[in-house]
Amino acid sequence: MNYRRLGKQGVQVSEIAVGGWLTHGRSIDDGTTERIVKHAFDLGVNFFDTADVYNRGEAERSLGKAIQSLERRDLFLATKCYFPMSDRPNDRGLSRKHIFESVHDSLKRLDTDYLDLMQFHRFDAETPVEESVRAVEDLIRQGKILYWGVSEWSADQIQEAVDIARNHGAFEPASNQPRYSLLGRDIEEAVLPTCERNGIGLVVFSPLAQGVLTGKYLPGQPPPEGSRGSDEQSNQFMKGMLEDQALLARVQSLKQLANQQGLTLSQFALAWCLRKPIVSSVITGATSPEQVEANAAASAVQLEDAIWKKAEAILEGKE
């Protein structure tokens with residue numbers, strides 16, 4: 001496993017992270033989560049990502065149980081807050097009140113004394129950014145949080161947070177967690193350059209485009225039984241891709257290119273994200289230790305730029 005700095009910060013995170021958005025506390029039991037986490041740790045993964053809203057806290061609880069036998073100092077734990085956790089009016093958003101209470105709830109569920117990284121899960125248009133920045137600054141100074149970041153914020157929103165932090169002598173955002181993959185490159189226009197300019201590390205999610213970039217979904221065929229694509233509760237973000245038969249055919253062509261490099265398509269797609277130094281880590285999901293092991297192998301991949309360009313051309317229909 002290779003490690004990278006989280007943007008301009010000194011901390012080192014594994015290039016491959018394990019997340020639990022659709023798995024921990026939901027589609028897999030606690031025992032399976034523990035086996036996955038321990039195997040990932042044995043492979044060198046130190047970055048584990050979750051959020052309070054994932055299965056209404058159950059993902060954090062499951063991860064908290066899984067890490068109890070591991071040395072806390074060897075882990076980099078990340079969680080998030082923003083989305084409603086109940087019907088109560090203040091149990092949502094990025095107000096000082098909700099950030100404070102969300103962090104303490106996450107600490108209890110994860111059964112830990114501090115969070116390595118706390119991220120604002122979305123931008124809150126109803127709360128001044130200054131209020132959120134100063135709230136997380138207080139929690140950092142209390143030792144409850146070490147670093148903070150954002151997720152799915154626009155370039156202008158990120159820059160506003162950076163400027164406010166600098167003006168107040170506060171800790172700047174260390175990370176940004178956007179969606180990024182060979183099939184989702186929107187951040188390259190403005191978000192990525194803004195992060196590069198400010199030394200903010202990207203910890204990207206959905207690097208396999210919800211599983212489309214595994215190559216398991218074939219044109220003209222229904223999604224395999226037991227896959228995310230066949231689950232009506234989990235496939236809402238990928239339906240458009242699954243219905244695009246031309247896209248699925250291009251993915252199969254990309255799979256051939258990956259195999260020619262001695263890689264699975266998943267490994268190839270993860271390595272494509274890691275080709276940019278600003279990407280500190282890619283967040284992967286897993287339902288088995290074997291899946292973690294296959295994903296972890298992407299950390300060592302180095303390919304010529306011409307291969308990456310060919311991959312992009314294939315998906316753009318230019319090859």
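The notes below deal with the structure included here. (Residues numbered from 1 in each chain as written. Predicted model: local features only at pLDDT ≥ 70, side-chain atom pairs only at ≥ 80, totals over all residues. Heavy atoms only, no water.)

From N to C terminus, the protein chain includes 11 helices and 10 strands. In summary, the protein chain has a C-alpha radius of gyration of 19 Å against a globular reference of 20 Å for 319 residues, a match within 12%. Judged by the C-alpha coordinates and their principal axes, the protein chain covers about 50 × 40 × 35 Å. In the protein chain, which comprises 319 residues, the proportion classed as buried is 55%. For the protein chain, the share of sequence-separated contacts (at least 6 apart) that also reach a separation of at least 24 residues comes to 77%. Surface summary for the protein chain: the accessible area is close to 14,000 Å², and the carbon and sulfur share equals 45%. Side-chain charges of the protein chain comprise 36 positive and 45 negative groups, with the mean position of each set lying 1 Å from the other. (Helix = DSSP H or I, 4+ residues; strand = E, 2+ residues; numbered from the N terminus. Rg over C-alpha atoms; globule rule 2.2 N^0.38 Å. Buried < 20%, exposed > 50% of the residue type's maximum accessible area, 1.4 Å probe, protein only. Contact = heavy atoms within 4.5 Å. Areas by Shrake-Rupley, 256 points an atom, 1.4 Å probe, with all protein chains shown as cover. Lys, Arg positive; Asp, Glu negative; His and termini not counted. Charge placed at Lys NZ, Arg CZ, Asp CG, Glu CD.)

One closed barrel accounts for eight strands, arranged β3-β4-β5-β6-β7-β8-β9-β10; its pairing is parallel. Sheet twist, expressed as the average angle between the axes of neighbouring strands with direction ignored, equals 30 degrees. (Pairing = 2+ DSSP bridges. Axes fitted to C-alpha atoms, helices over the stretch in contact; angles between N-to-C directions.)

A complete count under the given rule lists nine aromatic pairs for this structure. Between Phe120 and Trp153, the aromatic rings sit 6.2 Å apart at their centres with planes inclined by 25 degrees, giving stacked as the arrangement. Taken as a pair, Phe120 in strand β6 (residues 115–120) and Trp153 in the loop between β7 (145–151) and α5 (155–167) lie far apart in primary sequence, 33 residues in all. Residue Phe120 shares its accessibility class with Trp153, and that shared class is buried. You can call Trp153 buried: its relative accessible area is 4%. A connected cluster of aromatic rings, assembled from ring pairs, spans Phe120, Phe123, Trp148 and Trp153. Sitting over the face of the ring of Tyr114, Arg72 holds its NZ or CZ atom 4.0 Å from the ring centroid. (Phe/Tyr/Trp six-rings, centres within 6.5 Å; stacked < 30°, edge-to-face > 60°. Lys NZ or Arg CZ within 6 Å of the ring centre and 35° of its normal.)

Now for the side chain of Ser95. With respect to the secondary-structure elements, Ser95 resides in the loop between β5 (76–81) and α3 (96–110). Beyond its immediate sequence surroundings of up to four residues, Ser95 is in contact with Asp124, Thr127 and Glu131.

This part is about the pairing of β7. The buried fraction of β7 amounts to five of the seven residues, a majority that puts the element mostly inside the structure. Bridge analysis of β6 against β7 gives five bridges, and the strand direction is parallel. Within the sheet, the bridge partner assigned to Gln119 lies in β7 and is Gly149. One crossover worth recording links β6 to the parallel β7 by way of helix α4 (residues 129–141), and it is right-handed. (Right-handed = clockwise from strand over helix to strand, strands pointing away.)

When two helices pack together, their arrangement is given by the angle between the helix axes and by the axis-to-axis distance. Viewed as axis vectors pointing N to C, α3 and α4 meet at an angle of 35 degrees, and their least axial separation amounts to 9 Å. When you trace α3 past α4, the crossing you get is right-handed. Across the interface between the two elements, Arg96, Ile99, Phe100, Val103 and His104 of α3 pack against Glu131, Ser132, Arg134, Ala135, Asp138 and Leu139 of α4. Taken together, the residues of the contact of α3 with α4 break down into five nonpolar, two polar and four charged. (Left-handed = near helix turned anticlockwise from the far one by under 90°. Nonpolar A, V, L, I, M, F, W, Y, C, P; charged D, E, K, R; others polar.)

This part takes up the pairing of β5. With six of its six residues buried, β5 lies for the most part within the structure. Taking every second residue as pointing to the same face, both faces of β5 are buried, with Phe76, Ala78 and Lys80 on one and Leu77, Thr79 and Cys81 on the other. Two strands pair when backbone bridges link them, and strand β4 (residues 47–49) and β5 are joined in this way by three bridges, in the parallel orientation. Bridge assignment links Phe48 to a residue of β5, and that residue is Leu77. For the crossover that starts at β4, traverses helix α2 (residues 58–66) and ends in the parallel β5, the hand is right-handed. In the sheet, β5 pairs with β6 via four bridges, with the strands oriented parallel.

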